[in-house]
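Chain by chain, the residues run as shown.
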Amino acid sequence: MKIISDINHQTLPPSVATIGFFDGVHRGHRFLINQVKEVAAKDGLYSALITFPVHPRQVIQTAYHPQLLSSPTEKLELLETMQVDYCFLLPFTQELSLFSAREFMQLLRNKFNIHTLVIGYDHRFGHNRSENFEDYCRYGEELNIYIVRARAYTDKEGKISSSVIRQLLKEGKVSQAAKFLGYNYYLDGTVVDGYKVGRKIGFPTANLQVDCSDKLIPSEGVYAVYVYVEGKKWAGMLNIGHRPTINNGNNLSIEVNILNFSENIYHKEMRIEFVKYLRPEEKYDTIDALIAQMHKDREKTAKILL
Ligand SMILES: Cc1cc2nc3c(=O)[nH]c(=O)nc-3n(C[C@H](O)[C@H](O)[C@H](O)COP(=O)(O)O)c2cc1C
Ligand SMILES: Nc1ncnc2c1ncn2[C@@H]1O[C@H](COP(=O)(O)OP(=O)(O)O)[C@@H](O)[C@H]1O
């Protein structure tokens, strides 16, 4: 996949493209992208994606903080696996937000040589999203762009969308989110210092500082997770919360005890993959009660992951 972020690059070959923010690159997105690839293969053209590095709503409302399923880097990694020929990264500016659908299509034709535009079954674009598929077809005829309407992806479990997946994660439903995403939801970050209580209670925990501040953090609670450190995969039990039993500050921490592991991994990069929600975080009367519960969590985690 060739990434093109300069709008005034050299000439490009004609391609079949679709437009989207593709947050999370979930199964619905992949279904759409596969249709682009099918049309491109049939017509002997290149396949392309048009996406935005920054969430369009963040440009229109500066106070808006998206809770992203994938950081810009992660999104490109996920898109890379789709094996499309081109990815056009279009900076979504105030100016671009004022473009009508027709002006936007004209830009796609002139700058990226888009020959065919595959439009998601409910996708709207252009200022105020005020026009519809029939309008896009009319402009397509005028501008010499073929318009194809993509089929909707339906799953027996309901509609798949980035907002549905965000809601599931906010409710701790990570297994259901994984079904919709097509992979386990993950957080990438660095191992930072915590309060050094973990090792004293027999459960050292690696505290994760998430790289991308706009990433969605799943609901507070305890999870069975996979942990990736230096290319190796481990089983772990993770807590997202405020540690009410220990009473050591009220900041939100994301910390994982890795099973059968005793290395020093401070300042290393770590990826956490959410597999299963185990229980809510609780305030225990004594540290011993918390330790007893963590033994149970470890047994459960081992059963699920090992
Ligand atoms: C699997 C797991 C479950 C946890 N569950 C709770 C909990 O229910 N209540 C709580 O107060 N703290 C819970 N904790 C947090 C511990 O209190 C925490 O690991 C301890 O404060 C050590 O923090 P430190 O690594 O910053 O020293 C949990 C931690 C892990 C790894
Ligand atoms: N099984 C393990 N799981 C997680 N971290 C471990 C484990 N064994 C050793 N470590 C190391 O110990 C550190 C955690 O020790 P801990 O006493 O909980 O301190 P902190 O408060 O800094 O998290 C981790 O950052 C990591 O470097």
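Residues numbered from 1 in each chain as written. Chains lettered and ligands numbered in written order. Predicted model: local features only at pLDDT ≥ 70, side-chain atom pairs only at ≥ 80, totals over all residues. Heavy atoms only, no water.

### Notes on the overall build of the protein chain
In terms of regular secondary structure, the protein chain is built from nine helices and 12 strands. Viewed in the frame of its principal axes, the protein chain has a C-alpha envelope of about 75 × 35 × 35 Å. Counting all 306 residues of the protein chain, 50% fall into the buried class. For the protein chain, the proportion of contacts with a sequence separation of at least 24, taken over those separated by at least 6, is 74%. Accessible surface, the protein chain: about 15,500 Å² in total, of which carbon and sulfur atoms supply 49%. Across the protein chain, the 37 positively charged side chains and the 35 negatively charged ones have centroids separated by 4 Å. (Helix = DSSP H or I, 4+ residues; strand = E, 2+ residues; numbered from the N terminus. Buried < 20%, exposed > 50% of the residue type's maximum accessible area, 1.4 Å probe, protein only. Contact = heavy atoms within 4.5 Å. Areas by Shrake-Rupley, 256 points an atom, 1.4 Å probe, with all protein chains shown as cover. Lys, Arg positive; Asp, Glu negative; His and termini not counted. Charge placed at Lys NZ, Arg CZ, Asp CG, Glu CD.)

### Remarks on the site of ligand 1
Not every one of the 22 residues close to ligand 1 is listed here, only the nearest: Y195, V197, T205, T245 and E282. In the model, an oxygen atom of ligand 1 is placed 3.1 Å from a nitrogen or oxygen of the P244 main chain. Residue E282 places a main-chain N or O atom 2.6 Å away from a nitrogen atom belonging to ligand 1. Elements that contribute at least two residues to the shell around ligand 1 include exactly β10 (232-241) and α9 (287-305). Top contributing element to the shell around ligand 1 by residue count: α9, with three residues. Each residue belonging to the shell around ligand 1 can be placed in one class, and the counts come to nine nonpolar, six polar and seven charged. (Near = heavy atom within 4 Å. Polar contact = N/O pair within 3.5 Å; in protein donor to acceptor, adjacent residues only side chain to side chain. Nonpolar A, V, L, I, M, F, W, Y, C, P; charged D, E, K, R; others polar.)

### Some details on the nonpolar core
The biggest cluster of nonpolar side chains holds 50 residues, and the ones touching the most others in it are L238, V256, M270, I272 and F274. A per-element tally of this core places helix α1 (residues 27-43) first, with five residues. Residue assignment places this core across two domains, with domain 1 (2-149) and domain 2 (174-305) each supplying three or more. Once residues within four sequence positions are removed from consideration, I272 is found in contact with Y185, Y186, L187, L208, V225, Y226, V227, L238 and V256. (Core = buried A, V, L, I, M, F, W, Y, C linked by side-chain atoms within 4.5 Å. Domains from an automatic or database assignment.)

### A look at the pattern of salt bridges
Under the criterion given, the structure shown has 11 salt bridges. Note that D23 is salt-bridged to R166, the shortest N-O span being 2.8 Å. Of this pair, D23 sits in the loop between β2 (15-19) and α1 while R166 sits in helix α7 (residues 162-170); the two residues are 143 residues apart in sequence, bridging distant segments of the chain. An identical accessibility class is assigned to D23 and R166; each is buried. A salt bridge links R102 to E142; the nearest nitrogen and oxygen atoms lie 2.8 Å apart. Of this pair, R102 sits in helix α5 (residues 101-112) while E142 sits in helix α6 (residues 133-143), placing them 40 residues apart in sequence. (Salt bridge = Lys/Arg side-chain N within 4 Å of Asp/Glu carboxyl O.)

### A few points about the sheet that holds strand β11 (residues 253-258)
Strand order around the closed barrel formed by six strands is β7-β8-β11-β10-β9-β12, with antiparallel pairing between neighbours. When the angles between neighbouring strand axes are averaged without regard to direction, this sheet yields 45°. Across five bridges, the pairing between strand β7 (residues 186-192) and strand β12 (residues 269-279) is antiparallel. Residue pairing in the sheet places T190 in a bridge with E269 of β12. (Pairing = 2+ DSSP bridges. Axes fitted to C-alpha atoms, helices over the stretch in contact; angles between N-to-C directions.)

### Here we look at the environment of K42
As for its placement among the helices and strands, K42 is situated in helix α1. Here K42 falls in the exposed class, since its relative accessible area comes to 66%. For the pair K42 and Y86, spaced 44 residues apart in the sequence, the C-alpha separation amounts to 17 Å.

### Let's talk about the domain arrangement of the protein chain
Structurally, the protein chain comprises domain 1 (2-149) and domain 2 (174-305). The centre of domain 1, based on its C-alpha atoms, is set 37 Å off from the matching centre of domain 2. Each side of the interface is counted separately: domain 1 has 16 residues, and domain 2 has 13 residues. Overall, the association of domain 1 and domain 2 removes approximately 1,200 Å² of surface from exposure, summing both partners, and the carbon and sulfur fraction of that is 48%. If you sort the residues of domain 1 by the area they bury against domain 2, R27, L69 and E74 come out on top, with a joint share of 39%. For R271, the salt bridge goes to E77, with nearest N and O atoms at 3.5 Å. Our count for the domain 1 to domain 2 interface comes out at 11 residue pairs in polar contact (both at pLDDT 80 or more). Where the side of domain 1 that touches domain 2 is concerned, the elements lending two or more residues are α1 and α3 (72-80). Here the residues of the side of domain 1 that touches domain 2 sort into five nonpolar, seven polar and four charged. (Buried area = accessible area lost by both parts, 1.4 Å probe.)

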